[in-house]
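Chain by chain, the residues:
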Amino acid sequence: MSAATHLGHRAHSSILARGFATALARHVSRPMVAQSIVYRQQQWRWMSARPADDAASHHQHTRKKVTLQTLAAMHRRKEPITMITAHDYPSAMFVDRAGADTLLVGDSLAMVALGLPSTVSVTMDEMLHHCRAVARGAKHPFLVADMPFGSYEADPKLAVANAARFIKEANMEAVKLEGGMDMADTVRSIVKAGIPVLGHIGLTPQRLAMLGGFRCKASLQARCAKLLVDDALALQDAGCFAVVLEAVPAPVATAITERLSIPTIGIGAGAGCSGQVLVQQDMLGIFDRFVPKFCKQYANVSQVSLAALREYCQEVKSGAFPATEHTYPMPADEEAKFQALVSDSATGKKDD
Ligand SMILES: Nc1nc(=O)c2c([nH]1)NC[C@@H]1CN(c3ccc(C(=O)N[C@@H](CCC(=O)O)C(=O)O)cc3)CN21
Ligand SMILES: CC(C)C(=O)C(=O)O
């Protein structure tokens, strides 16, 4: 724990004196490492913000931005590529600080962040809104945005226009879209426009109505599995920089990975892929509607959040919160003057 953490609440009055706006401006413009030094020297802290732990912030400061070239190099070295989803500023910050190579603003946000029954109804504008927040929170991972259902299928021109919006309006670096051979021409057009594309085959949740459930047909029939190999090759040929394989049997995913010169990113596709992706709310135990078979829960954040929120409610009811340290002190003489002022003009109450 750093020295600044111990300063606690004594610092409140100086924070007020220095001004909220100044503190905030410094907070956003200074690198994390420099901030910790400032905290130590001046022995105060801004609001309730605590400095990030020094080792982690130093790593963040020296870490290089991940690019397409970085990913290609990792693939050549056979270093597994990590991808985690995020949909807002804090979840993006976590992905960045965890050191993930790539970040996906998946349309699964329709379900995990918006409470919709599936991914099909999320719109371009909603995706852009989330992407903008994510881009503010993640500076190092390579940023990929999911093209929502209906934003790219009708024709390649529409697809290019919508893909460009993610780059121009939301600071994303690449787009993902669902489909194989059927989408190859569309992929080609987007790549030709200078926008990297991540393919997505296997379980394609946007086609829920056709699939009749969250299930990949390749897991049931050899013929469907063979078609996936052709899809992956078509996507590679069209210029995808990588392909997501979702809910694909491991031997099929391995066979695809071996045949491609671009990386495969698996989700429920086994250890034979070049990288892995999971939905953050699933792995943290935040999403409560279902846990996909392929998801490993690395934490139970729901439990921690719920316990804290319940404790707060109990403490407000009991009067334990807020305590003196959560209030703003006033100089004693000013408070006395204030009391005199309000008692002089104590005519506010009406006589009924
Ligand atoms: N929270 C969340 N996580 C995801 O991984 C995710 C989404 N949402 N939304 C979009 C798609 C849908 N996904 C899903 C959803 C459910 C299963 C699942 O539980 N499948 C069952 C079989 C279901 C069936 O037979 O109909 C399984 O056992 O794998 C898998 C992937 C993956 N994506
Ligand atoms: C599950 C991943 C690959 C995804 O497409 C999403 O998060 O929407």
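As the structure is a computational prediction, the values presented were derived from the model and not from experiment.

### Thoughts on the overall build of the protein
The secondary structure content of the protein amounts to 17 helices and eight strands. Split into buried and exposed, the 352 residues of the protein put 41% on the buried side. Looking at the protein alone, contacts between residues at least 24 apart form 59% of all its contacts between residues at least 6 apart.

### Re the side chain of Asn 162
Following the sequence through the fold, Asn 162 ends up in helix α10 (residues 156-170). A polar atom in the side chain of Asn 162 sits 2.8 Å from the backbone oxygen of Ser 151. Residues within four places of Asn 162 in sequence aside, it is in contact with Met 124, Met 147 and Ser 151.

### Details of the site of ligand 2
All residues in the neighbourhood of ligand 2 are listed as Thr 85, Leu 104, Gly 106, Asp 107, Ser 108, Asp 146, Lys 176, His 200, Ile 267 and Val 279. In the environment of ligand 2, an oxygen atom lies 2.9 Å from a nitrogen or oxygen atom belonging to the side chain of Asp 107. Side-chain polar atom of Asp 146 to an oxygen atom of ligand 2: 3.3 Å apart, as the coordinates give it. Against a free-state accessible area of 260 Å², the protein chains account for coverage of 95% of ligand 2. Looking at the shell around ligand 2, its residues break down into three nonpolar, four polar and three charged.

### Concerning the site of ligand 1
Close to ligand 1 lie 16 residues; Met 111, Val 112, Arg 215, Glu 246 and Asp 282 are nearest. Here Phe 214 contributes a backbone N or O atom positioned 3.4 Å from a nitrogen atom of ligand 1. Between Asp 282 and ligand 1, the recorded distance is 2.5 Å, taken from a side-chain N or O atom to a nitrogen atom. Across the shell around ligand 1, the residue classes tally to 10 nonpolar, two polar and four charged.

### What to know about the nonpolar core
Leu 103, Phe 166, Met 172, Ile 190 and Leu 245 are the most contacted members of the largest nonpolar core, which has 75 residues in total. Aside from chain neighbours lying at most four places away, what touches Phe 166 is Met 124, Met 127, Leu 128, Cys 131, Ala 145, Asp 146, Met 147, Pro 148, Asn 171, Met 172 and Val 175.

### Description of a nonpolar patch on the surface
Side chains of Tyr 312, Val 316 and Phe 321 sit close together on the surface and give an oily, nonpolar patch of about 270 Å² of accessible area. Following the sequence through the fold, Val 316 ends up in helix α16 (residues 301-318). Here Val 316 falls in the partly exposed class, since its relative accessible area comes to 41%.

### Re the pattern of salt bridges
In total, this model carries 11 salt bridges according to the counting rule given. Arg 188 is paired through a salt bridge with Asp 237; the nearest N and O atoms lie 3.3 Å apart. Of this pair, Arg 188 sits in helix α11 (residues 184-192) while Asp 237 sits in helix α13 (residues 222-238), and the two are 49 residues apart along the sequence. Using a relative accessible area of 34% as the deciding quantity, one classes Arg 188 as partly exposed. Across the pair Lys 337 and Glu 334 runs a salt bridge whose closest N-O atoms are separated by 3.2 Å. Here Glu 334 and Lys 337 lie together in helix α17 (residues 332-344), a separation of three residues that amounts to about one turn.

### Structural notes on unusual backbone geometry
Each neighbour pair has its own omega, and for Phe 321 with Pro 322 the value is 0 degrees, a cis peptide bond. Secondary-structure assignment places Pro 322 in the loop between α16 and α17. Phi is positive for Ala 247, close to 50 degrees, though the residue is something other than glycine. Along the chain, Ala 247 falls in the loop between β6 (242-246) and α14 (250-259).

### Quick word on the domain arrangement of the protein
What the domain assignment lists for the protein is domain 1 (68-299) and domain 2 (306-342). On a C-alpha basis, the centres of domain 1 and domain 2 stand 48 Å from each other.

### Quick word on α11
Along an α-helix, residues three or four apart share an orientation, since each turn contains 3.6 residues. Within α11 the residues assigned to the buried category are Ala 184, Thr 186, Val 187 and Ile 190. One side of α11 holds all its buried residues, which, seen down the axis, span an arc of 160 degrees. Within α11, the exposed residues directed more than 90 degrees away from the buried face are Asp 185 and Lys 192. On the buried face of α11, the contacting elements are α10, β4 (174-176), β5 (197-202) and α13. Taken from the residues just after α11, Gly 194 is the one with a positive phi, measuring 90 degrees.

Conventions and cut-offs
- Residues numbered from 1 in each chain as written.
- Chains lettered and ligands numbered in written order.
- Predicted model: local features only at pLDDT ≥ 70, side-chain atom pairs only at ≥ 80, totals over all residues.
- Heavy atoms only, no water.
- Helix = DSSP H or I, 4+ residues; strand = E, 2+ residues; numbered from the N terminus.
- Buried < 20%, exposed > 50% of the residue type's maximum accessible area, 1.4 Å probe, protein only.
- Contact = heavy atoms within 4.5 Å.
- Polar contact = N/O pair within 3.5 Å; in protein donor to acceptor, adjacent residues only side chain to side chain.
- Near = heavy atom within 4 Å.
- Areas by Shrake-Rupley, 256 points an atom, 1.4 Å probe, with all protein chains shown as cover.
- Nonpolar A, V, L, I, M, F, W, Y, C, P; charged D, E, K, R; others polar.
- Core = buried A, V, L, I, M, F, W, Y, C linked by side-chain atoms within 4.5 Å.
- Patch = residues over 30% accessible without salt bridge, like charges linked within 9 Å, V, L, I, M, F, W, Y side chains within 5 Å.
- Salt bridge = Lys/Arg side-chain N within 4 Å of Asp/Glu carboxyl O.
- Domains from an automatic or database assignment.
- Arc of directions from axis to C-beta.

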